[in-house]
Amino acid sequence: MAVFNGGADPSRLAGKFSAMAVCWILGLGSLVSWNSMLTIGDYYYNLFPRYHPSRVLTLVYQPFALGTMAILAYNEAKINTRKRNIAGYILFCASTFSLIVVSISNSLMLFLCPWRAAIHLPLVATWPQLDLGTSGRGGIGPFIGICAIVGAFGVADAHVQGGMVGDLSFMCPDFIQSFLAGLAASGALTSALRLMTKAAFDKSEGGERKGAMLFLGISTFLEFICIILYAFFFPKLPIVKHYRTKAALEGSKTVSADLAAVGIQTQQSQEVDDAKQQERLSNKQLFFQNIDYAVELFLIYVLTLSIFPGFLFENTGKHQLGTWYPLVLIAMYNLFDFISRYIPLVKCLRLSRKGLLVGVLARFLFIPAFYCTAKYGNQGWMIMLTSFLGVTNGYLTVCVLTDAPKGYKGPEQNALGNLLVLCLLGGIFAGVALDWLWLIVEHLEMMLNLSKILGCQRLIKNPLGLLSARNWHENTIRVAWEKPHLGWTKLNFDGSCKCNTGRASIGGVVRDHNAEFLLGYAESIGQTTSTIAEMAALRRGLELVLENGWSQVWLEGDFLTLVEIIMQGRCVRSVEGQKQVSHIKLLIPELDKFLITHIYREGNRVAHTFAQMGHQLKHPQVWRCVPNEGLRNMLRENAEGKIMYRKR
């Protein structure tokens, strides 16, 4: 067995660039499985639309990662780093492969029961015990199974990230920078692949599932490559042997297995005569000496994970990019997170210790910035803001993790690396929990809007001072069209029937939370009653809403009886009316959320105008652009909240 004293100059040892490349690949493998899960979030939203997959899966992942990391960090000095890292990569590989097995099982269920797909029933309806009475299209059983696999991802992440950061902390700083760049590269790679697979499979049958299977297959292969590289190639590089031997001579026991794997025995007892050299600072001392770095890492990831990925998937509304929008946001974050991790290689661009703290605290301005951009901005501003979030996340992470270990002995650097990763995972867990506040705020705003709608039916009473000045207002009520809540669309519908001929037509308009026009529709439906016309207008509007993928919809019309029929089950006597209502009640459950309210004609002018246009049409028509200037003026007045007066 060879004897190595660790005294060679590391700059003269061969294999530095090979080691950097391997560290980059190992970083890629550390997060590629999890990033694949995040990037195919749109696939899981289609399978489990009511379970908030991006938020729930992230929340499940973090307790396993944080709890395991806490145990490993506490016992860091006694743990065999080689076995720890190899076990983590093996668990990643096995868990990712398990997801492929789950996907194949779901496909087999579809193959065995094709008639269920034809009528759009949940796949798991074949096995009722998996559904447990829930309304998620993917069923609670498969979702719990995926959550269990995600928990295994968390355990694997704690093994690998803490083990690798600790292992690389006593080596060349370029190694840990390469590892961290690899972590970010996994996000950029999966985002690029997701965009390509969506473009390739978007129009094909089962396209999203095919893309997901491709992702998981690539991830499994990369995890297997990481096992091979870490176990057989990385330990044999001369520069890696040097740093590990040096750490062993300084008292580290965690590298003995790695050195033994390449046939090296250190002369620790001969080289280290002074017992004080074997002493190392305790974890507590290391933590308090670097508490600013620990707090900075915690705050970096509290902020990032409170926005990414849940807010980007669920709270940014719908824009021109449609279903591509959240994928583009995730891709831009991952791309700029990756690029920014190379900025600290330029020494003049690195921040000082105090500068890092200022930069971390300044990032909290992202919270009001994202809120206001989601509520009032367009997609360009959101993409830019998301990119800047990625830049700051990657840059600050590398600066902290490469600066903190400097000046310590090998065992202390290993321990400090584990402590910092523990703080990082703690920040991720806190951020994931805080991410749910966006949903809470959204629902509170929705409840306030709903109470205002149901309480006053959008009738805005006159101020007391005006009553004495204008008696005319005592006999009028004020009516205003209201925008839907963020992330919702609003369908206003109307039916029109000419008394002299009995011929009827229908029309409606769909707008987003910014009151932007999405589509209008109109058609003539022949001779019928005004009641049937109103029902037909709502039915056609619901069909268009579902065709366009809008799932949170506020329905509004000026026929109060129809609202009572839908919400209160009021009896419908005519056969044709019963058919229309039955059709409507089949369509409404396809929406994730819906609200139906009544508004007076004065607030429903746009839909009424489309219905009037229907009398002139020979064929049904749908407009994606505003068809005339008169409608454009009405839409603008609605968006501005113009008050219309109606006599009592």
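### A few points about unusual backbone geometry
Backbone geometry at Ala-515 places phi at a positive 65°, although glycine is not the residue there. Looking at the secondary structure, you find Ala-515 in the loop between strand 6 (503–511) and strand 7 (517–527).

### Some thoughts on the pattern of salt bridges
Per the counting criterion, the structure on display carries 16 salt bridges. Measuring nitrogen to oxygen at the nearest pair gives 3.4 Å for the salt bridge that ties Arg-540 to Glu-543. With a gap of 3 residues between them, Arg-540 and Glu-543 both fall in helix 22 (residues 530–547), about one helical turn apart. For the pair Arg-540 and Glu-543, one class covers both residues: buried. Put simply, Glu-523, Arg-539, Arg-540 and Glu-543 are held in one network by salt bridges that share partners.

### Section: the environment of Ala-369
Note on placement: Ala-369 falls in helix 18 (residues 366–376). Along the sequence, Ala-369 and Trp-381 sit 12 residues apart, while their C-alpha atoms lie 9.9 Å from each other.

### Comments concerning the side chain of Thr-245
Tracing the sequence through the fold places Thr-245 in helix 9 (residues 238–249). A distance of 2.7 Å separates the side chain of Thr-245 from the backbone oxygen of Lys-241, its partner in a polar contact.

### Notes on the packing of helix 7 (residues 173–201) against helix 19 (residues 379–403)
Here helix 7 crosses helix 19 at 150°, and the two axes come no closer than 10 Å. The pairing of helix 7 with helix 19 is recorded here as roughly antiparallel in orientation. Judged by the sense of rotation from one axis to the other, the crossing of helix 7 with helix 19 is right-handed. Mapping the contact onto sequence places Pro-173, Ile-176, Gln-177 and Leu-180 in helix 7 and Thr-397, Val-398, Leu-401 and Thr-402 in helix 19. The residue makeup of the contact of helix 7 with helix 19, split by class, is 5 nonpolar, 3 polar and no charged.

### Side note on the nonpolar core
Phe-179 and Phe-234 are the most contacted members of the largest nonpolar core, which totals 117 residues. The dominant element in this core, judged by the number of residues it contributes, is helix 6 (residues 140–169), at 13 residues. Here Phe-179 is in contact with Cys-23, Trp-24, Leu-26, Gly-27, Ser-30, Tyr-89, Met-164, Val-165 and Leu-168, once residues within four sequence places are set aside. Ranked by size, the runner-up nonpolar core spans 31 residues in total, among them Leu-519, Tyr-521, Leu-542 and Leu-544.

### Description of the packing of aromatic side chains
Applying the stated criterion across every chain, the model contains 11 aromatic pairs. Ring centres 6.3 Å apart and planes at 25° place the aromatic pair Tyr-230 and Phe-234 in the stacked group. By relative accessible area, Phe-234 is classed as buried at 0%. Geometrically, the ring pair formed by Phe-517 and Phe-610 is stacked, given 6.4 Å between the ring centres and 15° between the ring planes.

### Brief notes about the packing of helix 6 against helix 7
Where helix 6 meets helix 7, the axes come as close as 8 Å, and the angle between the chain directions of the two elements is 155°. Regarding the angle of helix 6 to helix 7, the classification is roughly antiparallel. Taking contact as the criterion, the partners of Gln-161, Met-164, Val-165, Leu-168 and Ser-169 in helix 6 are, on helix 7, Phe-175, Ile-176, Phe-179 and Leu-183. Among the residues forming the contact of helix 6 with helix 7, the class breakdown is 7 nonpolar, 2 polar and no charged.

### Comments concerning the sheet that holds strand 9 (residues 593–598)
The strand order 9-8-5-6-7-10 describes an open sheet built from 6 strands, whose pairing is mixed. Two strands in the sheet have a free side with no partner beyond their single neighbour: strand 9 and strand 10 (621–623). The mean angle between the axes of side-by-side strands here comes to 15°, regardless of whether they run parallel or antiparallel. With 8 bridges connecting them, strand 5 (residues 489–497) and strand 6 associate as antiparallel partners. Bridge pairing in strand 6 links Asp-494 to Gly-507. With respect to the sheet, helix 22 is in contact with strand 5, strand 6, strand 7, strand 8 (552–557), strand 9 and strand 10, its orientation differing from that of strand 5 by roughly 150°.

### Points about helix 17 (residues 353–362)
Within helix 17 the residues assigned to the buried category are Gly-355, Leu-356 and Val-360. Considered in projection along helix 17, the buried side chains sweep an arc of 135° and stay on one side of the axis. Along helix 17, the residues that are exposed and aim more than 90 degrees away from the buried face are Lys-354 and Val-358. For helix 17, the secondary structure elements touched by its buried residues are helix 14 (291–305) and helix 19.

### Re the pairing of strand 8
With 6 of 6 residues buried, strand 8 lies mostly within the body of the structure. The alternating pattern of strand 8 places Gln-552, Trp-554 and Glu-556 and Val-553, Leu-555 and Gly-557 on opposite faces, both of which are buried. Here strand 5 pairs with strand 8 via 5 bridges, running parallel. Bridging from a neighbouring strand, Asn-492 pairs with Glu-556 of strand 8. As paired strands, strand 8 and strand 9 are joined by 6 bridges and run parallel to one another. Bridging from a neighbouring strand, Glu-556 pairs with Thr-597 of strand 9.

### Some details on the side chain of Ser-33
Secondary-structure assignment places Ser-33 in helix 1 (residues 16–39). At a separation of 2.7 Å, a polar atom in the side chain of Ser-33 contacts the side chain of Thr-96. Non-local contacts of Ser-33, meaning those with residues more than four positions away in its chain, are made with Phe-92, Thr-96, Phe-153, Ser-219 and Glu-223.

Calculation rules
- Residues numbered from 1 in each chain as written.
- Predicted model: local features only at pLDDT ≥ 70, side-chain atom pairs only at ≥ 80, totals over all residues.
- Heavy atoms only, no water.
- Helix = DSSP H or I, 4+ residues; strand = E, 2+ residues; numbered from the N terminus.
- Salt bridge = Lys/Arg side-chain N within 4 Å of Asp/Glu carboxyl O.
- Buried < 20%, exposed > 50% of the residue type's maximum accessible area, 1.4 Å probe, protein only.
- Polar contact = N/O pair within 3.5 Å; in protein donor to acceptor, adjacent residues only side chain to side chain.
- Axes fitted to C-alpha atoms, helices over the stretch in contact; angles between N-to-C directions.
- Parallel < 35°, antiparallel > 145°, perpendicular 65-115°, else oblique.
- Left-handed = near helix turned anticlockwise from the far one by under 90°.
- Contact = heavy atoms within 4.5 Å.
- Nonpolar A, V, L, I, M, F, W, Y, C, P; charged D, E, K, R; others polar.
- Core = buried A, V, L, I, M, F, W, Y, C linked by side-chain atoms within 4.5 Å.
- Phe/Tyr/Trp six-rings, centres within 6.5 Å; stacked < 30°, edge-to-face > 60°.
- Pairing = 2+ DSSP bridges.
- Arc of directions from axis to C-beta.

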